[in-house]
Amino acid sequence: MTISVTGTADLRFGTNSYLVEDEDTKDAAIIDANLEPQQMVRLVRDRGVNVKAILLTHTDVDHIAGLPELIAAIGPVPVAVHDAEKQVVIQGKPLRRQFPVGSPMVAVTDSLVEGKPYRAGSLSFDVLHTPGHSPGGVSLKIGDVIFTGDALFAGSIGRSDFDNSNGDALLEGIRSKLLVLPDETIAYSGHGPATTIGEERRSNPFLA
Ligand SMILES: [Zn+2]
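Every value quoted in this text rests on a predicted model; they were computed, and no experiment measured them.

Engineer: Lay out the packing of aromatic side chains in plain terms, naming residues and giving numbers.
Structural biologist: One pass over the full model with this rule turns up 3 aromatic pairs. Consider the rings of Y18 and F147, whose centres lie 5.2 Å apart with planes at 55°: the pair is tilted. In this pair, Y18 is assigned in strand β2 (residues 16-22) and F147 in strand β10 (residues 145-149), connecting sequence segments 129 residues apart. Across this residue pair, the class does not change: Y18 and F147 are buried. Pairing F147 with Y188 gives two aromatic rings, centres 5.5 Å apart and planes at 20°, and the pair type is stacked. Of this pair, F147 sits in strand β10 while Y188 sits in strand β13 (residues 186-189), and the two are 41 residues apart along the sequence. With a relative accessible area of 0%, F147 lands in the buried category.

Below is the structure:
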């Protein structure tokens, strides 16, 4: 299996969405739905891939705002999310008390469960529960690539000052589940550039 990853970022929050593609089968999955879904729709069409699912690292609004437009364009694929945040996309229940904005609702959801691989066509993602920024935050690993959402960034970590955040859980999850991966593992996060697990273990000031 040859995996390729292409990212798009929106201008407003610099939130990343990723297209993950199995080059052998043309099956693909989308990680997160930022505020400029038209970029992702164009990418899907340019690559000629079949999107099998949309996986959410968590449900802050900048990571899910593009869902309705994405689903309208690519078809009613399942949206996979951790159970701790499922109500955000099923009922439109805001994730944060501080930001009582309505969330986009979707019809078909799957559960992302720690330790249970999530299959999207020929792609299979390992699910690592990395809460702390939000209760249902997950990191998604495929081959030597991991998507870390807003848990781990290049040179930083996610915010944990919200009501439903937990700074200790965030650090514990990063240390016990992400930093134990091989040095060369490429980490694609929710904001900013890609990095590697080795680089973050050596130089991330929040993990010293
Ligand atoms: Zn974010």
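After that view of the structure, there is still more to cover.
Engineer: Describe in detail empty space enclosed by the protein, supporting the description with residues and values.
Structural biologist: In total, this model carries 3 cavities of 30 Å³ or more according to the counting rule given. Taken as a whole, the largest cavity holds about 60 Å³ of empty space. Its residues assigned to classes, the lining of the largest cavity comprises 5 nonpolar, 2 polar and 2 charged. Each pocket or cavity is described by its volume, and for the second largest cavity that value is around 50 Å³. In this structure, the second largest cavity is lined by T57, H58, T130, H133, S134, G137, V138, T148, G149, D150 and A151. A per-class count over the lining of the second largest cavity returns 2 nonpolar, 8 polar and 1 charged.

Engineer: Give me the lowdown on the pairing of β10, citing residues and values where you can.
Structural biologist: Where burial is concerned, most of β10 is hidden: 5 out of the 5 residues are buried. Where strand β9 (residues 138-142) lies against β10, 3 bridges are found, and the strand directions are antiparallel. When the bridges of β10 are listed, L140 appears paired with F147. Once β9 ends, the chain turns through 2 residues before running back antiparallel as β10, passing G143 with a positive phi of about 60°. Inspection of the sheet shows β10 paired to β13 by 4 bridges, in the parallel sense. Bridge pairing in β13 links V145 to I186.

Engineer: Can you explain helix α3 (residues 67-74)? Please cite residues and give values.
Structural biologist: Each turn of an α-helix holds 3.6 residues, which means side chains three or four residues apart point in the same direction. What α3 keeps buried is the set L67, L70 and I71. Across the axial projection of α3, the buried residues extend over an arc of 95°, all falling on one side. Immediately beyond the C-terminal end of α3, within one or two residues, lies G75, with a positive phi of roughly 105°.

Engineer: Account for the coordination of the zinc ion, with residues named and values stated.
Structural biologist: Summarising the metal site, the zinc ion is bound by the protein donors H63 (NE2), D150 (OD) and H191 (NE2), whose distances to it range over 2.0 to 2.1 Å. Each donor residue of the zinc ion belongs to the same chain, with the gaps between them written as H-x86-D-x40-H. Here D150, found in the loop between β10 and β11 (152-153), pairs with H191, found in the loop between β13 and β14 (195-196); they are 41 residues apart in sequence, far enough to count as distant.

Calculation rules
Residues numbered from 1 in each chain as written. Predicted model: local features only at pLDDT ≥ 70, side-chain atom pairs only at ≥ 80, totals over all residues. Heavy atoms only, no water. Phe/Tyr/Trp six-rings, centres within 6.5 Å; stacked < 30°, edge-to-face > 60°. Helix = DSSP H or I, 4+ residues; strand = E, 2+ residues; numbered from the N terminus. Buried < 20%, exposed > 50% of the residue type's maximum accessible area, 1.4 Å probe, protein only. 1 Å grid on protein atoms, 1.4 Å probe; cavity = no way out; pocket = protein on both sides within 12 Å on 5 of 7 lines; lining within 4 Å. Points joined across faces, edges and corners; volume = space filled by probe spheres on them. Nonpolar A, V, L, I, M, F, W, Y, C, P; charged D, E, K, R; others polar. Pairing = 2+ DSSP bridges. Arc of directions from axis to C-beta. Donors = N, O, S within 2.8 Å, 3.2 Å for Na, K, Ca; no water.

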